[in-house]
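Descriptive structure summary
Chain by chain, the residues run as shown.
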Amino acid sequence: MTTLPDGVRYIPEALDKSAQTDLLKEIRAVVAKAPLYTPRMPRTGKAMSVRMTNCGLLGWVTDKEHGYRYQPTHPVTGEPWPAMPDMLLDLWRTHSDWPDPPEACLVNFYDGPARMGLHQDKDEENLVAPVLSISLGDTAVFRVGPADGGRTCSFRLASGDIVILGGEGRMARHGVDRILPGTSSLLKDGGRLNLTLRRVTKAG
Ligand SMILES: O=C(O)CCC(=O)C(=O)O
Ligand SMILES: [Fe+2]
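Below you will find a few notes about this structure. Everything quoted here is computed from the prediction, not taken from an experiment.

1. So, the pattern of salt bridges
- Taken as a whole and judged by the stated rule, the model has eight salt bridges.
- Among the salt bridges present, the one from D63 reaches R69, with a minimum N-O distance of 3.1 Å. Accessibility assignment for this pair places D63 and R69 in one class, buried.
- Across the pair R93 and D90 runs a salt bridge, and its minimum N-O distance is 2.6 Å. Within this pair, R93 and its partner D90 are both found in helix α2 (residues 86-95), separated by three residues, close to a single helical turn.

2. With respect to the packing of helix α1 (residues 17-33) against α2
- Remark: α1 packs on α2, axes separated minimally by 9 Å, with the N-to-C direction vectors making an angle of 130°. Classified by the interaxial angle, the pair formed by α1 and α2 is oblique. Between α1 and α2, the contacting residues are A19, D22, L23, E26 and I27 on the first element and M87, L88 and L91 on the second.
- Of the residues that constitute the contact of α1 with α2, the class distribution is six nonpolar, no polar and two charged.

3. Considering the coordination of the iron ion (ligand 2)
- Protein coordination at the iron ion (ligand 2): the donors are H119 (NE2), D121 (OD) and H174 (NE2), at 2.1 to 2.2 Å from the metal.
- Counting along the primary sequence, the residues that act as donors to the iron ion (ligand 2) give the motif H-x1-D-x52-H. Placement of D121 in the loop between β6 (116-119) and β7 (131-137) and of H174 in strand β11 (residues 173-180) is noted, with a sequence separation of 53 residues between them.
- For D121, a relative accessible area of 5% corresponds to the buried category.
- A relative accessible area of 7% means that H174 is categorised as buried.

4. Observations regarding the nonpolar core
- In this structure, M52 and V144 are the most contacted members of the largest nonpolar core, which totals 30 residues.
- Setting aside its immediate chain neighbours within four residues, V144 contacts L4, P5, V8, R151, T152, C153, F155, A172, R173 and H174.

5. Remarks on α1
- Taking 1.5 Å of rise per residue, the 17 residues of α1 would be expected to cover 24 Å, and the 25 Å separating its terminal C-alpha atoms lies within 8% of that figure.
- Within α1 the residues assigned to the buried category are A19, Q20, L23, L24, I27 and V30. Down the axis of α1, the sector holding all buried residues measures 135°, keeping them to one side. Opposite the buried face of α1, by more than 90 degrees, sit the exposed residues K25, A32 and K33.
- Those residues of α1 hidden inside the fold are in contact with β2 (51-56), α2, β5 (104-110), β7 and β12 (192-198).

6. Concerning the site of ligand 1
- Within the structure, ligand 1 sits among L106, N108, Y110, M116, H119, D121, F142, H174, V176, R192, N194 and R198.
- A distance of 3.1 Å separates an oxygen atom of ligand 1 from a polar atom in the side chain of H119.
- At 2.8 Å from an oxygen atom of ligand 1 is found a side-chain nitrogen or oxygen belonging to R192.
- About the coverage of ligand 1: the protein hides 96% of its 290 Å² of free accessible area.
- Secondary-structure elements contributing two or more residues to the shell around ligand 1 are β5, β6, β11 and β12.
- Residue composition of the shell around ligand 1, grouped by class: five nonpolar, four polar and three charged.

Conventions and cut-offs
- Residues numbered from 1 in each chain as written.
- Chains lettered and ligands numbered in written order.
- Predicted model: local features only at pLDDT ≥ 70, side-chain atom pairs only at ≥ 80, totals over all residues.
- Heavy atoms only, no water.
- Salt bridge = Lys/Arg side-chain N within 4 Å of Asp/Glu carboxyl O.
- Buried < 20%, exposed > 50% of the residue type's maximum accessible area, 1.4 Å probe, protein only.
- Helix = DSSP H or I, 4+ residues; strand = E, 2+ residues; numbered from the N terminus.
- Axes fitted to C-alpha atoms, helices over the stretch in contact; angles between N-to-C directions.
- Parallel < 35°, antiparallel > 145°, perpendicular 65-115°, else oblique.
- Contact = heavy atoms within 4.5 Å.
- Nonpolar A, V, L, I, M, F, W, Y, C, P; charged D, E, K, R; others polar.
- Donors = N, O, S within 2.8 Å, 3.2 Å for Na, K, Ca; no water.
- Core = buried A, V, L, I, M, F, W, Y, C linked by side-chain atoms within 4.5 Å.
- Expected span 1.5 Å × (residues − 1).
- Arc of directions from axis to C-beta.
- Near = heavy atom within 4 Å.
- Polar contact = N/O pair within 3.5 Å; in protein donor to acceptor, adjacent residues only side chain to side chain.
- Areas by Shrake-Rupley, 256 points an atom, 1.4 Å probe, with all protein chains shown as cover.

Below, the structure written as structure tokens:
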């Protein structure tokens, strides 16, 4: 295992197979109410390769006109995001070390060639609370490095693994180089779901 930047915690196999199946069921119900959509980059309007939706009070969205932001409604349906499943609140309580509950869960779906470039999560008003990431389905090659540049390292995130960007690691740069097809049978048509639980506002 490569050395992770300070404050980045990797918890392999945090969810066993049955917890993964239960969580997948919850996320399918979220997607049924709040369909995955194709987010677009600010200014250029270039489509991202991942598809996204959210649950919780707020959701992270992006489009050409207004860029990266959080909002309480789905950008396509205009409906409020579905409630955050209790299972996610429990995982936050168990692993985050943060007293206030998460307000947003961004759901990313990666199929085939989808990837995510190196970035920092910095659209939250609260840049102190941790970001907790849960992986389901096919394994990802995840890349992470310190906030202020310097060397990145990559390692594999499998179904049921958790990563926490907290403390000094909250602003770590990170991204997904690629998905390794056929590495999990959890999603029947393959691909990977990533859920990130986030505190958006400062107050509790
Ligand atoms: O898919 C992942 O593991 C990372 C997702 C991510 O960094 C994000 O949604 O900001
Ligand atoms: Fe991120």
